[in-house]
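Take a look at the letters that make up each chain.
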Amino acid sequence: MNPDNPLLKILACPLDKGPLILDEIGGALYNPRLRRRYPIVDGIPQLLPSSGVPAVDEEPAVENRHEVSAGPSDSAGRDGA
């Protein structure tokens, strides 16, 4: 999968719905939050929850990060009393 592929901007982890990092060397999409890798087979990401495997090494050296915007604060709407 090409790092410039516009599809990478909309792909998300099937478990936590967060962004994935392209690991070109390992041929997978990586979720650093859950430390799971989803293989890319014949250019097609395998994004079923059951196709993810636990990652045993560090984050991929070659990566394409897609940042998520910060959500509302957990303390929003709470009073100090």
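Thresholds applied
Residues numbered from 1 in each chain as written. Predicted model: local features only at pLDDT ≥ 70, side-chain atom pairs only at ≥ 80, totals over all residues. Heavy atoms only, no water. Helix = DSSP H or I, 4+ residues; strand = E, 2+ residues; numbered from the N terminus. Buried < 20%, exposed > 50% of the residue type's maximum accessible area, 1.4 Å probe, protein only. Polar contact = N/O pair within 3.5 Å; in protein donor to acceptor, adjacent residues only side chain to side chain. Core = buried A, V, L, I, M, F, W, Y, C linked by side-chain atoms within 4.5 Å. Contact = heavy atoms within 4.5 Å. pLDDT = per-residue confidence, 0-100.

J.: How do you make sense of unusual backbone geometry when you look at a structure like this?
T.: Most peptide bonds take the trans configuration, and most residues that are not glycine carry a negative phi. Not every positive phi belongs to a glycine, and Lys-17 is a case in point at roughly 65°. Within the secondary structure layout, Lys-17 lies in the segment before β1 (21-23). Given a relative accessible area of 60%, Lys-17 falls into the exposed group.

J.: How do you make sense of the side chain of Arg-37 when you look at a structure like this?
T.: With respect to the helices, strands and loops of the structure, Arg-37 is situated in strand β3 (residues 36-41). Arg-37 sits in the buried class, given a relative accessible area of 12%. In terms of polar contacts, Arg-37 uses its side chain to reach the side chain of Asp-23, at 2.8 Å.

J.: Explain the nonpolar core here, please?
T.: Nonpolar side chains in soluble globular proteins tend to be buried together. Among the nonpolar cores identified, the biggest contains 8 residues, and these are Leu-8, Leu-11, Cys-13, Leu-20, Leu-22, Leu-29, Tyr-38 and Ile-40. In contact with Leu-29, not counting residues within four places along its chain, are Leu-8, Leu-11, Leu-20, Ile-21, Leu-22, Arg-36, Arg-37, Tyr-38, Ile-40, Pro-45 and Leu-47.

J.: For this particular structure, what's the right way to read the confidence of the model for the chain?
T.: Close inspection of predicted coordinates is inappropriate in any region flagged by low pLDDT. When pLDDT is averaged across the chain, the result is 77; 69% of the residues are at 70 or more. Scored below 50 in pLDDT, residues 62-78 shows 18 contacts in the model against residues more than four places distant or in partner chains.

J.: Looking at this structure, I do not really get the environment of Ile-21. What am I missing?
T.: Examined against the element boundaries, Ile-21 turns out to sit in strand β1. Here the alpha-carbon distance between Ile-21 and Leu-8, two residues 13 residues apart in the chain, equals 8.6 Å.

J.: Could you clarify how one ought to interpret the side chain of Asn-31 in this entry?
T.: Looking at where Asn-31 falls in the secondary structure, it is placed in strand β2 (residues 28-31). Judged by relative accessible area, Asn-31 falls into the buried class, the value being 0%.

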